[in-house]
Amino acid sequence: MIAIDNLQFGYGRHVLYDGFAARVEQPGIYGLFGRNGSGKSTLLKLICGLLTPWAGQLQVLGRNPRARVADLLASIYIVPEEFHLPNLTCTQLAATQGVFYQRFSPDLFGEYLAELEVPVKERFESMSLGQKKKAAIAFALATGTPLLLMDEPTNGLDIVGRAQFRKLMQRPEHAHRAVLISTHQAHDLESILSHIWFIDQGRLALSARMEDLARLLHMGVAHDEEAARAQGGGALLYQERIGPQLAFVALRATAPSASAPTGSSVQLELLYKALSLNRDQMLQALAPLQLAPSATEAA
């Protein structure tokens, strides 16, 4: 669905990507993580053809997105972090823009708007930022595109709105599509992601399935380092104090089989900190998953 090889890109003299490589070969919800300035938003724009790579290969659904071919554009939808909606109602938006997407469903659009509690008869000019964001998300989901890109989709949403977003993303009609979500709101998404990408120093440092990470790593809270090691069974990879307790990421003592129970879920905020602040040791620990920086397959 996405094939990126030896991608090079930057702004002016600043090189952002040099030799970036990645693959998306199956549907799923991919969380895109990285420090500020790592190029997450830029990558989404490159994938949908809004930016031109300096060099390298970038294929989306077998095409070059920068060629702006109509049928490919109808198969990709992006919700940018900063967006503009024309001063229309939701019904007018569906009538004027839904026609560009052959899989667009007015019925599903209505269902999503109802779930998100968006006032369908109001013009966007009179809506709050959160309501506009919900309307944009509802439209994006209703397009039915095989590839959906979202940049910080939960920014501007309240707690209830974030829960509504997660519920919509888990609906069965989205099972066929690949969704790339760039976010810093790790806790909002950890229950719905199937894969994570971690971008660091212009490369895809980590590409992993959530279930594989859960089998290899143990994350939790303990009173001290000794208790944390006892829980995880292996080496401590990251730790931080939270009041009197210690939050930690540990390598499991033995590598479980694919059918073994995970025992703890992946806490993305903790994982993000571990990858950012203890990168080399984390990537070395994850090497059994064949997820070294040179790996390119996200499946």
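Now for a quick tour of the structure. Just so you know, these numbers come straight off a predicted model, no measurement behind them.

1. Thoughts on the overall build of the chain
(1) Moving on: Of regular secondary structure, the chain possesses 11 helices and 12 strands.
(2) Moving on: Against the 2.2 N^0.38 benchmark of 19 Å for 299 residues, the chain shows a C-alpha radius of gyration of 20 Å, consistent with a compact globule.
(3) Moving on: Each of the three principal axes of the chain carries a C-alpha extent, and together these read 60 × 45 × 40 Å.
(4) Moving on: Each of the 299 residues in the chain was classed as buried or not, and the buried ones make up 50%.

2. Side note on the sheet that holds strand β4 (residues 55-60)
(1) Moving on: Here three strands make up an open sheet; going across it, the order is β2-β1-β4 and the pairing antiparallel. Where the open sheet ends on each side, the last strands, each with one partner, are β2 (14-24) and β4. Taken over all neighbouring pairs, the strand axes of this sheet differ in orientation by 30 degrees on average, direction set aside.
(2) Moving on: Of the pairings in the sheet, the one linking strand β1 (residues 2-11) to β4 comprises five bridges and is antiparallel in character. Following the sheet pairing, I2 is matched in β4 by V60.
(3) Moving on: Each of β1, β2 and β4 is contacted by helix α1 (residues 40-47), which is oriented at about 120 degrees to β1, the strand it contacts most.

3. Observations concerning the nonpolar core
(1) Moving on: Of all hydrophobic cores here, the largest spans 61 residues; its most connected members are F109 and L271.
(2) Moving on: Among the elements that make up this core, the one with the highest residue count is helix α5 (residues 129-142) (seven residues).
(3) Moving on: Ignoring anything within four residues of it in the chain, the contact list for F109 reads C90, L93, A94, F104, A135, A138, F139 and A142.
(4) Moving on: Among the nonpolar cores identified, the runner-up in size contains 28 residues, and I47, C48, L72 and L147 belong to it.

4. Considering the sheet that holds strand β12 (residues 245-251)
(1) Moving on: Reading across from one edge, β10-β12-β11 is the order of the three strands in this open sheet, with antiparallel pairing throughout. Looking at which strands have only one partner, the edges of the open sheet turn out to be β10 (217-222) and β11 (236-242). If you compare each strand with its neighbour and ignore which way they point, the axes differ by 15 degrees on average.
(2) Moving on: With six bridges joining them, β11 and β12 adopt antiparallel strand pairing. Pairing of R241 across the sheet is with L246, part of β12.

5. Quick look at the pairing of β12
(1) Moving on: With five of seven residues buried, β12 is to be regarded as a mostly interior element.
(2) Moving on: Where β10 and β12 come together, six bridges link them in antiparallel fashion. Within β12, the position partnered with G220 by the bridge is F248.
(3) Moving on: A loop of two residues connects β11 with β12, the two strands running antiparallel in sequence, and G243 in this loop sits at a positive phi of about 65 degrees.

6. Concerning the packing of aromatic side chains
(1) Moving on: Tallied over the full model, the rule gives 12 aromatic pairs.
(2) Moving on: A ring pair is formed by F9 and W54, whose centres lie 6.1 Å apart and whose planes are at 45 degrees; its orientation type is tilted. Here the residue F9 occupies a position in strand β1, and W54 occupies one in the loop between α1 and β4, the gap between them amounting to 45 residues.
(3) Moving on: Judged by relative accessible area, which is 44%, W54 ranks as partly exposed.
(4) Moving on: Between Y30 and W197, the aromatic rings sit 6.0 Å apart at their centres with planes inclined by 70 degrees, giving edge-to-face as the arrangement. Placement of the pair is Y30 in strand β3 (residues 28-34) and W197 in strand β8 (residues 195-200), with a sequence separation of 167 residues. In this pair, the class of Y30 matches that of W197, namely buried.
(5) Moving on: Linked through ring pairs, Y77, Y101, F104, F109 and F139 together constitute an aromatic cluster.

7. Here's the deal with the side chain of D200
(1) Moving on: Tracing the chain through its elements places D200 in strand β8.
(2) Moving on: A relative accessible area of 14% means that D200 is categorised as buried.
(3) Moving on: Ignoring anything within four residues of it in the chain, the contact list for D200 reads A205 and R279.

8. Here we look at helix α4 (residues 106-116)
(1) Moving on: Turning to α4, its buried residues are F109, Y112, L113 and L116. Buried residues of α4 fall within an arc of 100 degrees about the axis and therefore sit on the same side. What points out from α4, more than 90 degrees from its buried face, is the exposed set D107 and A114.
(2) Moving on: Looking at the buried side of α4, the elements it contacts are α3 (90-97), α5 and α6 (159-169).
(3) Moving on: After α4 finishes, the residue E117 shows a positive phi value of roughly 60 degrees.

Rules used throughout
- Residues numbered from 1 in each chain as written.
- Predicted model: local features only at pLDDT ≥ 70, side-chain atom pairs only at ≥ 80, totals over all residues.
- Heavy atoms only, no water.
- Helix = DSSP H or I, 4+ residues; strand = E, 2+ residues; numbered from the N terminus.
- Rg over C-alpha atoms; globule rule 2.2 N^0.38 Å.
- Buried < 20%, exposed > 50% of the residue type's maximum accessible area, 1.4 Å probe, protein only.
- Pairing = 2+ DSSP bridges.
- Axes fitted to C-alpha atoms, helices over the stretch in contact; angles between N-to-C directions.
- Contact = heavy atoms within 4.5 Å.
- Core = buried A, V, L, I, M, F, W, Y, C linked by side-chain atoms within 4.5 Å.
- Phe/Tyr/Trp six-rings, centres within 6.5 Å; stacked < 30°, edge-to-face > 60°.
- Arc of directions from axis to C-beta.

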